[in-house]
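This is what each chain is made of:
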Amino acid sequence: MCSFRCGSVLSVISSMAVLLAIVSLSLVTVAGGDHVVPTLQLPTVMVAVLVRNKEHTLPYFFSYLEDLDYPKDRVSLWIRSDHNEDRSIDITKSWLKRTTALYHSVDFKYRSEPQRRASEKTSTHWNEDRFTDVIRLKQDALQAARTMWADFILFLDADVFLTHRETLRHLVGLKLPIVAPMLVSDALYSNFWCGMTPDYYYQRTDDYKKILNYDQVGQWAVPMVHSAVLVHLNVAQTRQLTFERKNLPAGRYDGPVDDIIIFAMSANYSGLSMHVCNALLYGYIMVPLEAGETVPGKDVEQLTNVLSYIVNEYGEVNLKEDLRKFVPTVPKDKLSLSNIYMINLDRRTERRTKMLKHFDLLGLDVEHFPAVDGKQLDDKKVHDMGIRFLPGYADPFHKRPMTMGEIGCFLSHYNIWERMVRLHEPEVLVLEDDIRFEPFFRRRAYGVLADARRIGGWDLIYFGRKRLQEEDEKWIDGSEYLVRAGYSYWTLGYVITLEGAKKLLRENPLQKLLPVDEYIPIMFGNHPNESWAAHFHGRTLSAWSAAPLLLYPTHYTGDEGYISDTEDSARIDGTLPSVGSGGSGSTVVNNETRDGAPVAGEPKKGDKEQLPNAPVLLADSGIGQNEHDLEAKNRRNEL
């Protein structure tokens, strides 16, 4: 083992400990008087980290660790690393070179060789030798924390990102013997179990999803926590905690040689409860790789998924400047399409910035397409553009005419269709700017496109939408990823062919305008309002949908941060000419809420799925069939 720097506090003697306890009481003068009150400093914490082949996660891991809002002079770092086949040690050294002086102490030891244990088949192979080493190192960390008389020890995996700056303060404040911050992944996986089988492995329970989905919020006693675990070392019973099987009560444990299971059972035998807390969105965790999966493949994809979640939540990913050099630039392409357009209002710079960060993460070469701004439209401008409205149209939810925002939205999509025809672009992906990408977006998008091209006969494929029909949607023959689209709302994202664009333009929709997410279902012959559909004669658009969907909205109606540039905008005043009225005639439309203020209790097109039995329908149709199965034993399947 080579030592980077060892904290001398590991040899603290009792007299020094007494001195530190006295120093920890600082005197604060109360304003306006001579009276002083003692203020206790925050408890000391030792953070224990094991690093192996985490080059892809470490720049983000260290960035978020550094940004925790906790006094660094109250934190000691204990880091071990071995058997790396990447730059994990170099990244750790680089970060510690800048930050070591900030922390109370740093104890970093590493082994450069060999890159892999002789008994390991691959770097993701968890055999008994690997478990033995991990158990030994975690036991060493626990003993080191006890020796330095730390108040707490935080065991933290190097692929955990504590994005909430108050995480450590909040957990310490709970004063629980053992507590884990609930972490989110790109699947149903998290860092706790709600049930354990007789042979000590994960057991699915109803409570698990309730906690994971924040249906119940607080601190919950559970049989297992791992990956990010805070232990209150001043609790006397924690002296019995161990990672080593030999330290458990004789004859009580007959389970596997597994660090997290042995630790959980030692807590159980000591009468200590483990808790998971979901009071805050603390951060994110990577799903352990299965046998045969690789870091450059599956794990890097997972990292992209998690970073995308972080961008959705916070607007950006925290990455320290000196660690940026260790993060490779993702090459960009157009997903084998002619072009990818993102519709975005020039004034919505915050949405554009967020989407650009997604494109950088996903490696998407996207062209910004300026949207037509409804706020810059008025009755005269719309009339001068030659736009006429579909007679008898009223929004099915609000019973109102179109808004200027809906007109601008339609014109934005219409302009893209026109551009496709003008430039003769065979296939284009159209994206709006308020979307979130589902996990493994690139891989799944390629699968959808490959299926569609092999089968043929389509004009439009929804990547994101809202289903409005209750009947099942039929799978496209020979496809694993596509269904025939039913009546749908939203134009979050769709792939359209050149012929599809021509079909949408041939009907001269600006002469009988209605919202674009009503027009497209009419054109593929799946709209419930036959009187509206009767005005359009070439309804031959062939529309399919990805199943499961690849895109969803970032916000729904009522969510914090929800903004609708189509719903919450001025409406036509009811005097504009509509088709069939003649050049100088007009159709009066009832319009009592021109200011666009929502009516209390009314639904919007941005509402969440409105089908009462939508989950059942989706399950029956096979949508969601690739959901991560929690019953897998993850990294332990070869043990």
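Residues numbered from 1 in each chain as written. Predicted model: local features only at pLDDT ≥ 70, side-chain atom pairs only at ≥ 80, totals over all residues. Heavy atoms only, no water.

For the protein, an unreviewed UniProt entry supplies the name Glycosyl transferase family 25 domain-containing protein and the organism Anopheles atroparvus.

> Teacher, can you tell me more about the confidence of the model for the protein here?
Interpretation of this model should avoid reading the predicted coordinates in detail wherever pLDDT is low. Residue-level pLDDT values for the protein average 84, and 82% of them are 70 or greater. Segment residues 1-31 is flagged for pLDDT under 50; beyond a separation of four residues in sequence, or across chains, it makes 54 contacts in the model. Within the model, pLDDT remains below 50 along residues 574-639, and this stretch shows 155 contacts once partners closer than five positions in the same chain are excluded. (pLDDT = per-residue confidence, 0-100. Contact = heavy atoms within 4.5 Å.)

> Help me out: how do you make sense of the sheet that holds strand β10 (residues 183-184) in this one?
Pairing between sheet strands relies on hydrogen bonds along the backbone, with the strands arranged either parallel or antiparallel. Strand order in this open sheet of 3 strands is β8-β16-β10, and the pairing throughout is mixed. Unpaired on one side and paired on the other, β8 (160-161) and β10 mark the two borders of the sheet. As paired strands, β10 and strand β16 (residues 283-285) are joined by 2 bridges and run parallel to one another. Within β16, the residue paired with Leu183 across the bridge is Gly283. The sheet strands contacting helix α8 (residues 295-314) are β8 and β16, and the helix crosses β16 at an angle near 170 degrees. (Pairing = 2+ DSSP bridges. Helix = DSSP H or I, 4+ residues; strand = E, 2+ residues; numbered from the N terminus. Axes fitted to C-alpha atoms, helices over the stretch in contact; angles between N-to-C directions.)

> Help me out: how do you make sense of the side chain of His232 in this one?
Topologically, His232 is positioned in strand β14 (residues 228-232). His232 gets classed as buried once you look at its relative accessible area, which sits at 13%. Beyond its immediate chain neighbours, meaning those up to four positions away, His232 contacts Asp151, Phe152, Lys175, Leu176, Pro177 and Thr238. (Buried < 20%, exposed > 50% of the residue type's maximum accessible area, 1.4 Å probe, protein only.)

> What am I meant to see in the pairing of strand β17 (residues 339-344) here?
Most of β17 sits out of view: 6 of its 6 residues are buried. Neither face of β17 is open: one carries Asn339, Tyr341 and Ile343, the other Ile340, Met342 and Asn344, and all of them are buried. Relative to strand β19 (residues 427-432), β17 runs parallel, the two being bridged by 5 bridges. When the sheet's bridge partners are listed, Asn339 is paired in β19 with Val428. Judged from the 4 bridges that link them, β17 and strand β18 (residues 367-370) form a sheet pairing that is parallel. By the bridge assignment, Tyr341 is partnered in β18 with Glu367.

> Quick question: what am I supposed to make of the sheet that holds strand β22 (residues 482-484) here?
Spatially, 7 strands are ordered β18-β17-β19-β23-β21-β24-β22 in an open sheet, and the strand pairing comes out mixed. In the strand order of this sheet, the two ends are held by β18 and β22, each with one partner. The sheet shows a mean angle of 35 degrees between the axes of neighbouring strands, taken without regard to direction. Bridging between β19 and strand β23 (residues 488-497) involves 5 bridges; their strand directions are antiparallel. The partner of Leu431 across the bridge, within β23, is Gly493. The sheet contacts of helix α14 (residues 516-523) involve β21 (460-467) and β23, and relative to β23 the element is tilted by about 60 degrees.

> Could you clarify how one ought to interpret the nonpolar core in this entry?
Considering soluble globular proteins, one finds that nonpolar side chains tend to be buried as a cluster. In this structure, Leu77 and Leu156 are the most contacted members of the largest nonpolar core, which totals 56 residues. Once you skip the residues sitting within four places of it in the chain, Leu156 turns out to touch Val47, Ala48, Val49, Leu50, Phe61, Leu65, Leu162, Ser227 and Ala228. Membership of the second largest hydrophobic core comes to 49 residues, among which are Cys194, Ile211, Val225 and Met274. (Core = buried A, V, L, I, M, F, W, Y, C linked by side-chain atoms within 4.5 Å.)

> Which parts of the structure should I look at to understand helix α11 (residues 404-423)?
One turn of an α-helix holds 3.6 residues; hence residues three or four places apart share an orientation. With 20 residues, α11 should reach 28 Å at 1.5 Å per residue; the first-to-last C-alpha distance of 28 Å fits that figure. For α11, the tally of buried residues reaches 14 of 20 residues, placing the bulk of the element in the interior. (Expected span 1.5 Å × (residues − 1).)

> What am I meant to see in the packing of helix α4 (residues 128-147) against helix α7 (residues 259-269) here?
Relative orientation and spacing of two packed helices are given, respectively, by the angle between their axes and the distance between those axes. Between α4 and α7, whose axes approach to 9 Å, the crossing angle comes to 45 degrees. In terms of axis orientation, α4 runs oblique to α7. Of the residues in α7, those touching α4 at Phe131, Val134, Ile135 and Lys138 are Asp259, Ile260 and Ile262. Per-class residue counts for the contact of α4 with α7 are 5 nonpolar, no polar and 2 charged. (Parallel < 35°, antiparallel > 145°, perpendicular 65-115°, else oblique. Nonpolar A, V, L, I, M, F, W, Y, C, P; charged D, E, K, R; others polar.)

> When you look at unusual backbone geometry in this model, what are you seeing that I'm missing?
The phi angle of most residues is negative, glycine excepted, and most peptide bonds adopt the trans form. The step from Ala547 to Pro548 runs through a cis peptide bond, and the omega angle for that step is 0 degrees. A positive phi angle is found at Tyr200, which is not glycine, with a value near 75 degrees. Since its relative accessible area comes to 11%, Tyr200 is described here as buried.

> Which parts of the structure should I look at to understand helix α9 (residues 349-362)?
Taking 1.5 Å of rise per residue, the 14 residues of α9 would be expected to cover 20 Å, and the 20 Å separating its terminal C-alpha atoms lies within 8% of that figure. When we look at burial in α9, the residues that qualify are Arg351, Arg352, Met355, His358, Phe359, Leu361 and Leu362. Against the buried residues of α9 lie α8, β17, β18, β19, β20 (435-437) and α12 (441-455). Looking at the residues trailing α9, positive phi occurs at Gly363, about 70 degrees.

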